[in-house]
Amino acid sequence: MTSRKWVRLFLTTLVLGGVLTLLTSFVVKADAYANVLQPFDFFELIGLLLFFSGLGFIFSVISQMGFFAYLTVHQFGLGMFKTLWPPIQLFLIAFTLFDLVYFRYQAADEGASLWPYLLTALGLLLVSYVVAYIKKKETNPKAFIPALFFMVVVTTIEWVPALRSDGQGYVWMMIIPLLACNTYQLLLLHRLNNKEA
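So, here's what we can say about the structure. Counting from 1, residues in each chain are numbered in the order their sequence is written. Totals for whole chains, interfaces and linings use every residue, but because this is a predicted model, local features are given only for residues with pLDDT of at least 70 and side-chain atom pairs only at 80 or more, for both listing and counting. Just so you know, side-chain values use all the structure's heavy atoms and leave hydrogens and water out.

## Some details on the overall build of the protein chain
(1) Moving on: On a plain count of helices and strands, the protein chain comes out with seven helices and zero strands.
(2) Moving on: Moving toward the C terminus, one meets the helices and strands of the protein chain in the order α-α-α-α-α-α-α.
(3) Moving on: Relative accessibility thresholds used throughout: buried, under 20% of the residue-type maximum; exposed, over 50%; partly exposed, between the two (1.4 Å probe, protein chains only). Counting over 197 residues, the protein chain shows a buried share of 41%.
(4) Moving on: Here, residues are in contact when the closest pair of their heavy atoms is within 4.5 Å. For the protein chain, contacts bridging at least 24 residues in sequence account for 71% of all contacts bridging at least 6.
(5) Moving on: Using a 1.4 Å probe, the Shrake-Rupley method yields the accessible areas, and only the shown protein chains count as cover for residues. In the structure as shown, the protein chain presents an accessible area of about 11400 Å², 72% of it carried by carbon and sulfur atoms. Elements are defined by DSSP. Helices are runs of H or I of four residues or more, strands are runs of E of two residues or more, and each kind is numbered from the N terminus.

See below:
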């Protein structure tokens, strides 16, 4: 990949993260906007928009760091474990989904329902499956498990700061741009490489 294509990937992913976080904040943090609109405070509103856009840029950079770390780990796994690497990835996917439900449920208040945690993990798995299927269709069948691994395991690792926060708002505000940025990078990479070839 040329430096020009890498800069394009970096900047477009950065903008995607910023815009999606800003749009998500209108729903998830509607109360913050209501406070600056009644009474209307222009400078507070601009500050809020800049804050959520900046937060989105940070989420985007986290996504990009995770993507390039994944590319390195994947090559390392292929070299070290060879044919065992796909089953190891499937085990790590299952383990991550279990942890996503179990540890969050254990940290929840007593009497909390298990369903929101199960549905969150199933939603992540469903989105990841669709993205991995598209990657497989556009490249080759061997790309399915690595793409699923990236979308489930790496996205969950990137999501940890929000999962540890007290409010649910940041959990949702972070996962939407992370999923979008990870999907965008994963599905754009082979297109950029094909153009180069």
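## Overview of the nonpolar core
In summary, soluble globular proteins display a tendency toward joint burial of nonpolar side chains.
(1) Moving on: Take the buried residues of types Ala, Val, Leu, Ile, Met, Phe, Trp, Tyr and Cys, join any two whose side-chain atoms come within 4.5 Å, and each joined set is a nonpolar core. Among the nonpolar cores identified, the biggest contains 41 residues, and Phe 52, Ile 93, Phe 150, Trp 159 and Leu 186 are the most heavily contacted of them.
(2) Moving on: Secondary-structure elements contributing two or more residues to this core are α2 (30-37), α3 (42-81), α4 (85-107), α5 (115-138), α6 (144-163) and α7 (168-196).
(3) Moving on: The leading source of residues in this core is α6, at twelve residues.
(4) Moving on: Not counting the four nearest positions on each side in its chain, Leu 186 is found in contact with Phe 67, Val 131, Lys 135, Ala 147, Phe 150 and Met 151.

## Side note on the packing of aromatic side chains
(1) Moving on: Only centres within 6.5 Å qualify two rings of Phe, Tyr or Trp (six-membered ring in Trp) as a pair; their planes then separate them into stacked at under 30 degrees, edge-to-face at over 60, and tilted for everything else. Per the counting criterion, the structure on display carries 16 aromatic pairs.
(2) Moving on: When the ring of Tyr 102 is compared with that of Phe 103, the centres are 5.3 Å apart and the planes differ by 75°; the resulting orientation is edge-to-face.
(3) Moving on: Residue classification places Tyr 102 among the partly exposed residues on the basis of a relative accessible area of 37%.
(4) Moving on: Relative to Tyr 117, the ring of Tyr 105 lies with its centre 6.0 Å away and its plane at 70°, an arrangement referred to as edge-to-face. With Tyr 105 in helix α4 and Tyr 117 in helix α5, the pair connects residues that are twelve residues apart, well separated along the chain.
(5) Moving on: An aromatic cluster of three or more residues is present, and its members are Phe 67, Phe 68, Tyr 70, Phe 81, Trp 85, Phe 149 and Phe 150.
(6) Moving on: A cation over a ring is seen here: Arg 104 above Trp 159, with NZ or CZ 6.0 Å from the ring centre.
(7) Moving on: Directly above the aromatic system of Phe 144 lies the positively charged group of Lys 136, at a separation of 5.9 Å from the ring centroid. Over a ring means this: the NZ of a Lys or the CZ of an Arg is within 6 Å of the ring centre and within 35 degrees of the ring normal.

## Overview of the packing of α4 against α5
(1) Moving on: The N-to-C vectors of α4 and α5 enclose an angle of 160°; their axes lie 9 Å apart at closest approach. As summarised for this structure, α4 and α5 are arranged roughly antiparallel, according to the angle between their axes. Crossing angle aside, the handedness with which α4 passes α5 is right-handed. Two secondary-structure elements touch here, α4 through Leu 97, Leu 100, Val 101, Arg 104 and Tyr 105 and α5 through Tyr 117, Leu 118, Thr 120, Ala 121, Leu 124 and Leu 125.
(2) Moving on: As a working rule, the residues Ala, Val, Leu, Ile, Met, Phe, Trp, Tyr, Cys and Pro are called nonpolar, Asp, Glu, Lys and Arg charged, and the rest polar, with Gly in that last group. Classifying every residue of the contact of α4 with α5 by side-chain character gives nine nonpolar, one polar and one charged. Angles shown run from 0 to 180 degrees and are taken between the N-to-C directions of axes, each axis being a line fitted to C-alpha atoms and, for helices, limited to the stretch in contact. The labels follow the angle: roughly parallel below 35 degrees, roughly antiparallel above 145, roughly perpendicular from 65 to 115, and oblique for the rest. Left-handed describes a crossing whose near helix is turned anticlockwise from the far helix by less than a right angle; the clockwise case is right-handed.

## With respect to the side chain of His 74
(1) Moving on: One can find His 74 in helix α3.
(2) Moving on: N or O atoms closer than or at 3.5 Å make up a polar contact, with two conditions inside protein: a donor-capable atom paired with an acceptor-capable one, and, for residues adjacent in sequence, both atoms drawn from side chains. Engagement of the side chain of His 74 in a polar contact is seen with the side chain of Trp 85, the distance being 3.0 Å.
(3) Moving on: Here His 74 is in contact with Trp 85, Gln 89 and Pro 146, once residues within four sequence places are set aside.

## Points about the pattern of salt bridges
(1) Moving on: Salt bridges are identified by distance alone: a Lys or Arg side-chain nitrogen within 4 Å of an Asp or Glu carboxyl oxygen. All told, the structure shown has one salt bridge when counted by the stated rule.
(2) Moving on: A salt bridge links Arg 191 to Glu 138; its shortest N-O distance comes to 2.7 Å. Taken together, the residues span a long stretch of sequence, with Arg 191 in helix α7 and Glu 138 in helix α5 at a distance of 53 residues.
(3) Moving on: Taking the relative accessible area as the measure of exposure, Glu 138 reaches 34% and is therefore partly exposed.

Spatial relationships are all this shows, so hold off on functional conclusions.
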